[in-house]
Amino acid sequence: MGLEIMDDVRRDYIYDLVRGGRREDGRAFLDYREIKVERDIIKRAEGSARVKMGNTEVLVGVKLEPGEPFPDSPDKGVIITNAELVPLASPEFEPGPPNEDSVQLARVVDRGIRGSEAIDLDKLCIEEGEKVWIVFIDIHVLDNDGNLVDAAALGAIASLLNVRIPNERYGLDGGEETMVLSNKPVAVTMVDIGGEILVDPNYNEEKAALSGLTVISNPDGTISALQKYGNGSLSEDAVTEMVEIGIEKAGELRRTFLEP
Amino acid sequence: MKEEGLELIKGGKRLDGRSFDELRQIRIEVGVLKRADGSCYFELGDNKVIAAVYGPREMHPRHAQDAKMAVLKYRYNMAPFSVDERKRPGPDRRSVEISKVSREALEPVIIKEYYPKTEIDVYVEILQSDAGTRTAGINAASVALADAGIPMKDLVSSVAVGKIDGEIVLDLNAVEDNYGEADMPVAMIARRNAITAIQMDGCMTRSEFEKGLKMAMNACQKIYELQRTALIERYSEM
C-alpha cells in the first residue's frame, strides 16, 4: 500500500519533469544512458557479454550443444532463447518458473535474432535429421533499472559475434570453428510519457509510462521485430515516429558496440 | 524458409482468391455461453474462437487485489485439437506472451476504477486455428466484455497484416503465415485510431511497415462495425 503511493508520487514527478523537457537523470529525450559492453567474460560459455546500460546490468551467455532437429526442418540448427529474472536483480523479482515478463523478454530478443536471420541455421546441421547444433541464448538479468530488452538484445548479439563451435568437446570433426553471424539486429525501446518519446527508459520512467515500443532493426534499415507494451495506447504517428527513431538509434549503437 | 516453387500470389490474387487488402469471412455471435457473464463466438476464416468473461468478482489471493481498481486477467488457450500437430494442453511460452499482449490490448478501454479489489477474467479458447488466432481472440474478448456489461470506453478491434512474396497483405491465413516473410498483428480502438497492441516479426522495410499499419488500421474499422452490429443485434432481440 505504502509502495503504491510512492509509485503515484514518482509517476507525477516523472511526468512533471518531462513536461519541462527534462528527465530524472538529466538526459535528453533521445539519449541512451552510458553503455558498456564487455565480451567473452565467461570462460565456460561459447560466447558471452555483459551489458551495462546505466544501472541496468545484463549478462548473456551462449552455449552450443548437439541435439535433435525439429521434424519440419531436419537440416537446420535450433535457437532457444531464455531469460531469467533472478531475485538478485530487483526487489520485485521472485524465484520460480518464468513469468510473463521473462517470457516476453526472451521472446522479443529471440524474434529479433530470428527475423533478421542473424544466425545461419543451415550451417548448424551436423547430420541431417539426426543431429544439429542447438544454440542456447541465456539472458541473466543482474540489476534491473529499466529497459532490459535493449540491454539483453545488445548482449545477445555481442555474445554471438564470436561463438566458438565446441566440436572437440562433443567428439565431432571440424576442429576450431567460429559460428558465422550474418546480421546484427539491435533493439531500441522507447516509452511515451505525456506525448513525448523517451529512448531507453530507466526503471522509474518505465513504470510511469502507459505505453512503450521496442523496435528491432538491421543495418539495411529493415525491421525484424516490434513489440508494444503497457496498458495505454499509441497513435499511428507515435508508432511511425518511434520506428524512425528506433532505426536511427540502432545504427548508432551498432557502430559503437558491435563493429570490430 | 520458403519451399521452392510455392507461389503465394498468382495473377494478383492470393491462394484463397482474396485480394491483398481483403479480410477473411467474419462471423460473430454474442452471448453464446450460459454460465459466463459475457461471451462471444468469433470466426475469422477457418479460425474458430470463443471468449468468456467472468466478473467483476472477488479477487483471490487477496494480497493480489488492487485497492484502487479491478485487475484484468486474460488467458489465451489453444485446444489440443486446434492445430495440425496436437498441442500439448496447458500454457506454453507462446500463450503466456499472447495472453499478456492481449490483456494490454484491452486494458485501455476498461474502466477498472469502478470495481476496486475485484478481478475481471477473460478466457479465450482457440477451437480451430488458421493463423491470426490472437487477433480473433482479442476481437471476441472485446465483444464478450461488452456482453458482460463491463464498463468500457470503447471496443477494441484487431487484425494482422504480413508480407508474402514481397507484398503487404491483410489477414494472413496459415499457409501465408508459414511461408510468408513477416507477420504484424495490430489491435486498436478503431474510433480513436489508438493502437493498443502491435507486434511484428520477420523482415519489413520502413515503408512496408507504414503501408501495413495503414492497411491494418483500415481493416480494424470494418471489424469494429461488425462487432458493433453483432452487439446491437443481440440486444435488440431481447
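This one's a predicted model, so the numbers in the text were calculated from it and none came from an experiment.

**Regarding the overall build of chain A**
Scanning chain A from terminus to terminus reveals five helices and 11 strands. Computed over its C-alpha atoms, the radius of gyration of chain A comes to 19 Å, within 12% of the 18 Å expected for a compact globule of 260 residues. Referenced to the eigenvectors of the C-alpha coordinate spread, the extents of chain A come out at roughly 60 × 40 × 35 Å. Every one of the 260 residues in chain A was classed for burial, and the buried ones make up 45%. Here the analysis covers contacts within chain A between residues at least 6 apart in sequence; of these, 68% occur between residues at least 24 apart.

**A closer look at the environment of glutamate 113 of chain B**
Residue and element names in this part refer to chain B. As for its placement among the helices and strands, glutamate 113 is situated in the loop between helix H1 (93-106) and strand E7 (118-128). For the pair glutamate 113 and lysine 68, spaced 45 residues apart in sequence, the C-alpha separation works out to 6.2 Å. Excluding anything up to four places from it in sequence, glutamate 113 contacts Lys68 and Met69.

**Focus on the nonpolar core**
Membership of the largest hydrophobic core comes to 140 residues, with the highest contact counts inside it found for Ile139 and Ala152 of chain A together with Ala51, Ala140, Ala144 and Val186 of chain B. The element best represented in this core is helix H3 (residues 148-160) of chain A, accounting for 10 residues. With sequence-adjacent residues up to four places away left out, alanine 152 of chain A is seen in contact with Val58, Val60, Ala83, Leu105, Val109 and Ile139 of chain A.

**Quick word on the environment of glycine 31 of chain B**
Residue and element names in this part refer to chain B. By the secondary structure assignment, glycine 31 is in the loop between strand E3 (26-30) and strand E4 (38-44). You can call glycine 31 buried: it has 20 C-beta atoms within 10 Å. Taking C-alpha positions, glycine 31 is 22 Å from alanine 105, a pair spaced 74 residues apart along the chain.

**Comments concerning the confidence of the model for chain B**
Residues of chain B with pLDDT of at least 70 account for 97%, and the chain-wide mean is 95. Model confidence for the complex is summarised by a pTM of 0.91, with the ipTM given as 0.85.

**Things to note about the sheet that holds E4 of chain B**
Residue and element names in this part refer to chain B. Overall, mixed pairing links the five strands, which are arranged E3-E4-E5-E7-E6 in an open sheet. Only two strands of the sheet have a single partner each, and these edge strands are E3 and strand E6 (71-78). Pairs of neighbouring strands in the sheet enclose a mean axial angle of 15°, with direction left out of account. In the sheet, E4 pairs with strand E5 (residues 47-58) via seven bridges, with the strands oriented antiparallel. By the bridge assignment, glutamate 43 is partnered in E5 with lysine 48.

**Some words on the packing of helix H2 (residues 133-147) of chain B against helix H4 (residues 206-237) of chain B**
Two quantities define a packed helix pair, namely the angle between the axes and the distance from one axis to the other. Residues and elements named next belong to chain B. Taken N-terminus to C-terminus, the directions of H2 and H4 make an angle of 35°; their axes are 11 Å apart at the nearest point. At the point where H2 passes H4, the crossing takes the right-handed sense. Counted together, Asn139, Ser142, Val143 and Ala146 of H2 and Ile223, Gln227, Ala230 and Leu231 of H4 form the full contact between these two elements. The class makeup of the residues in the contact of H2 with H4 is five nonpolar, three polar and no charged.

**A few points about the interface of chain B and chain A**
Contacts between chain B and chain A engage 29 residues on the former and 28 residues on the latter. Where the side of chain B that touches chain A is concerned, the elements lending two or more residues are H1, strand E10 (182-189), strand E11 (194-204) and H4 of chain B. In terms of residue count, the dominant contributor to the side of chain B that touches chain A is E11 of chain B (11 residues). Considering only residue class, the side of chain B that touches chain A consists of 15 nonpolar, six polar and eight charged. With four bridges joining them, strand E10 (residues 223-229) of chain A and E11 of chain B adopt antiparallel strand pairing. Following the sheet pairing, glutamine 227 of chain A is matched in E11 of chain B by glutamine 199 of chain B.

The rules behind each value
- Residues numbered from 1 in each chain as written.
- Chains lettered and ligands numbered in written order.
- Predicted model: local features only at pLDDT ≥ 70, side-chain atom pairs only at ≥ 80, totals over all residues.
- Helix = DSSP H or I, 4+ residues; strand = E, 2+ residues; numbered from the N terminus.
- Rg over C-alpha atoms; globule rule 2.2 N^0.38 Å.
- Buried ≥ 20, exposed ≤ 12 C-beta atoms within 10 Å, placed from the backbone.
- Contact = placed C-beta atoms within 7 Å.
- Core = buried A, V, L, I, M, F, W, Y, C linked by C-beta atoms within 7 Å.
- pLDDT = per-residue confidence, 0-100.
- Pairing = 2+ DSSP bridges.
- Axes fitted to C-alpha atoms, helices over the stretch in contact; angles between N-to-C directions.
- Left-handed = near helix turned anticlockwise from the far one by under 90°.
- Nonpolar A, V, L, I, M, F, W, Y, C, P; charged D, E, K, R; others polar.

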